[in-house]
2 protein chains.
Amino acid sequence: MKDLKLNENAFLPLRDVVFNTLREAILRGDLKPGERLMELTLASKLGVSRTPIREAIRMLEQEGLAVTMPRRGAQVAGMTEKDMEDVLQIREALDILAAQIACEKITEEQLVEVKAAAERFRKCTLTHDVKKLAEADVNFHDAIYNATDNPKLISLLSNLREQLYRYRVEYLKDESKYSELVEEHDRIVEGLENRNMELLTQSMKAHVEGQTVAMRHVIRDQD
Amino acid sequence: MKDLKLNENAFLPLRDVVFNTLREAILRGDLKPGERLMELTLASKLGVSRTPIREAIRMLEQEGLAVTMPRRGAQVAGMTEKDMEDVLQIREALDILAAQIACEKITEEQLVEVKAAAERFRKCTLTHDVKKLAEADVNFHDAIYNATDNPKLISLLSNLREQLYRYRVEYLKDESKYSELVEEHDRIVEGLENRNMELLTQSMKAHVEGQTVAMRHVIRDQD
DNA sequence: ATGATTTGGATTGTATACAAAAAACAATAG
DNA sequence: CTATTGTTTTTTGTATACAATCCAAATCAT
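Just so it is clear, the model here is predicted, and its values are computed rather than measured.

**Some details on the pairing of strand β3 (residues 73-76) of chain B**
Residues and elements named next belong to chain B.
Here is step 1: Of the two faces of β3, only one is covered, namely that formed by A74 and V76; the face formed by G73 and Q75 stays uncovered.
Here is step 2: Here strand β1 (residues 36-37) pairs with β3 via two bridges, running antiparallel. Bridge pairing in β3 places L37 opposite A74.
Here is step 3: In textbook terms, the turn of a hairpin is the stretch between consecutive antiparallel strands, and for strand β2 (residues 66-69) and β3 this stretch comprises three residues, one of which, R71, has a positive phi near 70°.

Put into C-alpha cells, the structure is as follows:
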C-alpha cells in the first residue's frame, strides 16, 4: 500500500473524506485488488479513529469497490476480466439509453456544451496528454448524460465508469485510434444536433462497442 | 413509524440485521418517505447501540433508500413521480438487455425454471392472491435475470425492482390486465425457447412498457 | 408586536473501551 | 516431520463517552 493522505476538506464529515480518499486510492491503484483494508492500519495512516473508517468501508462496499466478509474485514474488490465484461455490457446498454433520451430532451445550451467537449477532446488528441484526453472524454460523455435529466441514470453511469476506470486510461494510450474516436464523437454530435435518433443510436453503439473491444484487448494484454 | 422489530439472525453482524430490518420497513411502507431516521430512536427501538444503526444507514444511503444531510441525519428517501419515471426508464433498458443476453445464454435447466415460473404466475392469476402473484412475477423475471450469468446486472435489476416495490403491488391489483400479462409472459417464453431475439426483444419491451404505463397510472391516482 | 440573539436540549460526529471472533504461533503427541 | 491442540495476538463487532453542531424556544432590544 502506498502512503495515504487525507484529502482534507473541513466541511465534510470525516467518513466522506475517508471515503473519497480510499476511493481514489483504489481507482488509481495505490490500493491493489485483494489488499486488505484493516481498520486500525487505515485509521492510524489517516490519523482518524476507526469509526469513520468503518463507515467509509460500508460505503465503498455498496459502490462495489470493496468486499467484506463478516468478521474478516474488507478487501479491495478484484476486477476479473469477466467482471469487466459484465460491467461493459451494462454500460453499453445504458450509454445508448442515455443517448436516446438526450436526443429527445437536449437543450440548445446542453448541445453547445457537448460540442465544446468534443472539440476539447479533438484538441487533446493532438497534445498527446493522455490524462487530459481521458478527462475530455469523460466531459463529453457527461455532457450527454446531463442532457437526460435523469439523475439516477447519471449516477449509475458514473458509477459504472468508475469501475472501469482502472483500465480506461490504458486504452486511450493507443494513438492510432484517435482519429477514429474523434470521428465517432462527431457522428454522435451530428445525431444529437439533427435529432436523428437512428443515426445517434447507431453511432453511440459503435462508439461504446469500439471502446469495449479496445478495453478487452488491454485486459488480455495485462494478464 | 410502526413498531420495528429485529429480524434476528444470530450469524450476521448486527449492522446487516439492522440494514435488512430497516430496508424492509421502508419497502413495506412502515417507514414513510421523508421520515427521519434518528439514530438514538432506532437504536432503542431495535435494542442495539448507535454503531450498527449508523453503518446500516450508510448502506441504505448507497441503495438509494435513505438520504442524509451531513450533521442533520438521515431520512427515508422520497419517491416522486419523476423519480419513478427515471427508475422505470432505466429498468426498461436493462430488462431488455437481460432478455437479450438470456436469449443467447440460457440453458435448458434455466428455461425450465422460467417456464415453471410463468406457469405459477398463470395459476396465481386465478386465485386472486395479489401477494402470491407479485411473488410469482418476481420469480419469473428473476429466472430470466439468472440466465444472464451477469451478477452485476442481476443485482442492479433487483435494486431497481426494490425501488419500484412500493407501487408494484398496487398495479397488480387490476385484474382486468391479468390475461394480458399471462400472454406477454408466454410470448417472452416463446422468444427464449426459439432463441428468437427479435420476438423476445419486442415482447419484453411490450411487457415492461405495459408495466410502466400501469404504474404511471397508479402513481397518478394516488396523488 | 417583530426581529435578532442567546441558551438549553436534542442529535449527529468522532474517539475510545471492551467483548468476541479469527488468525498466528507454539507446544506436544503421534 | 506432521497434525492437533492450546495459547497469545490481532482484528473486527458493539457499546458508550464526549465533543461539536443544530434547532427551537425563550429572552431581549427596538
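**What about the protein's contact with DNA strand C?**
Here is step 1: Neighbouring DNA strand C are 20 residues, the closest being A:L14, A:S49, A:T51, B:M38 and B:R50.
Here is step 2: The share of sugar and phosphate among atoms of DNA strand C within 4 Å of the protein is 70%.
Here is step 3: At 2.8 Å, a side-chain N or O of B:R50 approaches a base nitrogen of DNA strand C.
Here is step 4: Those elements giving two or more residues to the surface near DNA strand C turn out to be α1 (14-27) and α3 (50-63) of chain A together with β1 and α3 (50-63) of chain B.
Here is step 5: Here the surface near DNA strand C gets three residues from one element, more than from any other, and that element is α3(A).

**Digging into the packing of helix α6 (residues 130-146) of chain A against helix α8 (residues 178-193) of chain A**
Residue and element names in this part refer to chain A.
Here is step 1: Relative orientation of the contacting elements α6 and α8 amounts to 20°, with a least axis distance of 12 Å. In this view, α6 runs roughly parallel relative to α8, as classed from their interaxial angle. As α6 runs across α8, the sense of the crossing is left-handed. Each of V130, L133, D137, F140, H141 and I144 in α6 lies in contact with α8, whose residues at this interface are Y178, H185, I188, V189 and L192.

**Side note on the protein's contact with DNA strand D**
Here is step 1: Close to DNA strand D lie 20 residues, the nearest being A:R50, A:R71, B:L14, B:S49 and B:T51.
Here is step 2: Near-protein atoms of DNA strand D (within 4 Å) split between backbone and bases, with sugar and phosphate holding 71%.
Here is step 3: One nitrogen or oxygen atom from the main chain of B:L14 is found 2.7 Å from a phosphate oxygen belonging to DNA strand D.
Here is step 4: Contact between DNA strand D and B:T51: a base nitrogen at 2.6 Å from a side-chain N or O atom of the residue.

**Examining the sheet that holds β1(B)**
Within a sheet, adjacent strands bond to each other through the backbone by hydrogen bonds, running parallel or antiparallel.
Residues and elements named next belong to chain B.
Here is step 1: On the basis of which strands lie adjacent, the open sheet formed by three strands has the order β1-β3-β2 and antiparallel pairing. Only two strands of the sheet have a single neighbouring strand rather than two, namely β1 and β2.
Here is step 2: Two strands pair when backbone bridges link them, and β2 and β3 are joined in this way by four bridges, in the antiparallel orientation. Bridge pairing in β3 places M69 opposite G73.
Here is step 3: α3 rests against β1, β2 and β3 of the sheet, and its axis sits at about 110° to β2.

**Quick notes on the layout of surface pockets**
Here is step 1: Taken as a whole, the second largest pocket encloses approximately 1,100 Å³ of empty space.
Here is step 2: A:A93, A:I96, B:I96, B:L97 and B:Q100 are the residues nearest the centre of the second largest pocket, which is lined by 33 residues in total.
Here is step 3: Of all the elements in the fold, those that place two or more residues in the lining of the second largest pocket are α4 (81-105) and α9 (197-222) of chain A together with α4 (81-105) and α9 (197-222) of chain B.
Here is step 4: By residue number, the principal contributor to the lining of the second largest pocket is α4(A), which donates 11 residues.

**Description of helix α2 (residues 39-46) of chain A**
All names here are of chain A.
Here is step 1: Burial in α2 covers these residues: E39, L42, A43 and L46. Down the axis, α2 shows its buried residues gathered within 100° of arc, on one side only. Those residues of α2 that are exposed and angled more than 90 degrees off the buried face are L40 and S44.
Here is step 2: Buried residues in α2 make contact with α1, β1 (36-37) and α3.
Here is step 3: Positive phi shows up at G47, right after α2, with a value of about 70°.

**Looking at a negative patch on the surface**
Here is step 1: On the surface, a cluster of negative charge is made up of A:E180, A:E183, A:D186 and A:E190.
Here is step 2: With respect to the secondary-structure elements, A:E190 resides in helix α8.

**Concerning the sheet that holds strand β3 (residues 73-76) of chain A**
Here is step 1: The three strands lie next to each other as β1-β3-β2 (chain A), forming an open sheet whose pairing is antiparallel. Where the open sheet ends on each side, the last strands, each with one partner, are β1 and β2 (66-69) of chain A.

**With respect to the interface of chain B and chain A**
Here is step 1: With 29 residues of chain B at the interface, the matching set in chain A holds 29 residues.
Here is step 2: The largest per-residue losses of area from chain B upon contact with chain A belong to B:R58, B:Q62 and B:K152, which jointly make up 22% of the total buried on that side.
Here is step 3: The interface formed by chain B and chain A contains six salt bridges.
Here is step 4: The interface formed by chain B and chain A includes 12 residue pairs in polar contact (both at pLDDT 80 or more).
Here is step 5: Elements that contribute at least two residues to the side of chain B that touches chain A include exactly α1 (14-27), α3, α4 and α7 (151-171) of chain B.
Here is step 6: Here the side of chain B that touches chain A takes 10 residues from α4(B), the largest share from any one element.
Here is step 7: Residue composition of the side of chain B that touches chain A, by class: 14 nonpolar, five polar and 10 charged.

**A look at the domain arrangement of chain A**
Where interface size is quoted, it is often the accessible area lost as the parts come together.
Residues and elements named next belong to chain A.
Here is step 1: What the domain assignment reports for chain A is domain 1 (14-76) and domain 2 (81-222).
Here is step 2: Here the C-alpha centroids of domain 1 and domain 2 sit 29 Å apart.
Here is step 3: Between domain 1 and domain 2, the contact holds six residues from the first and five residues from the second.
Here is step 4: The contact between domain 1 and domain 2 buries some 580 Å² in all, and 44% of this surface belongs to carbon and sulfur atoms.
Here is step 5: Sorting the residues of domain 1 by area buried against domain 2 places L27, E63 and L65 first, and these three jointly supply 68% of that buried surface.
Here is step 6: Ionic pairing is found between E162 and R23, a salt bridge with its closest N-O pair at 2.5 Å.

Criteria and thresholds
- Residues numbered from 1 in each chain as written.
- Chains lettered and ligands numbered in written order.
- Predicted model: local features only at pLDDT ≥ 70, side-chain atom pairs only at ≥ 80, totals over all residues.
- Heavy atoms only, no water.
- Buried < 20%, exposed > 50% of the residue type's maximum accessible area, 1.4 Å probe, protein only.
- Helix = DSSP H or I, 4+ residues; strand = E, 2+ residues; numbered from the N terminus.
- Pairing = 2+ DSSP bridges.
- Near = heavy atom within 4 Å.
- Polar contact = N/O pair within 3.5 Å; in protein donor to acceptor, adjacent residues only side chain to side chain.
- Axes fitted to C-alpha atoms, helices over the stretch in contact; angles between N-to-C directions.
- Parallel < 35°, antiparallel > 145°, perpendicular 65-115°, else oblique.
- Left-handed = near helix turned anticlockwise from the far one by under 90°.
- Contact = heavy atoms within 4.5 Å.
- 1 Å grid on protein atoms, 1.4 Å probe; cavity = no way out; pocket = protein on both sides within 12 Å on 5 of 7 lines; lining within 4 Å.
- Points joined across faces, edges and corners; volume = space filled by probe spheres on them.
- Arc of directions from axis to C-beta.
- Patch = residues over 30% accessible without salt bridge, like charges linked within 9 Å, V, L, I, M, F, W, Y side chains within 5 Å.
- Areas by Shrake-Rupley, 256 points an atom, 1.4 Å probe, with all protein chains shown as cover.
- Salt bridge = Lys/Arg side-chain N within 4 Å of Asp/Glu carboxyl O.
- Lys, Arg positive; Asp, Glu negative; His and termini not counted.
- Charge placed at Lys NZ, Arg CZ, Asp CG, Glu CD.
- Buried area = accessible area lost by both parts, 1.4 Å probe.
- Nonpolar A, V, L, I, M, F, W, Y, C, P; charged D, E, K, R; others polar.
- Domains from an automatic or database assignment.

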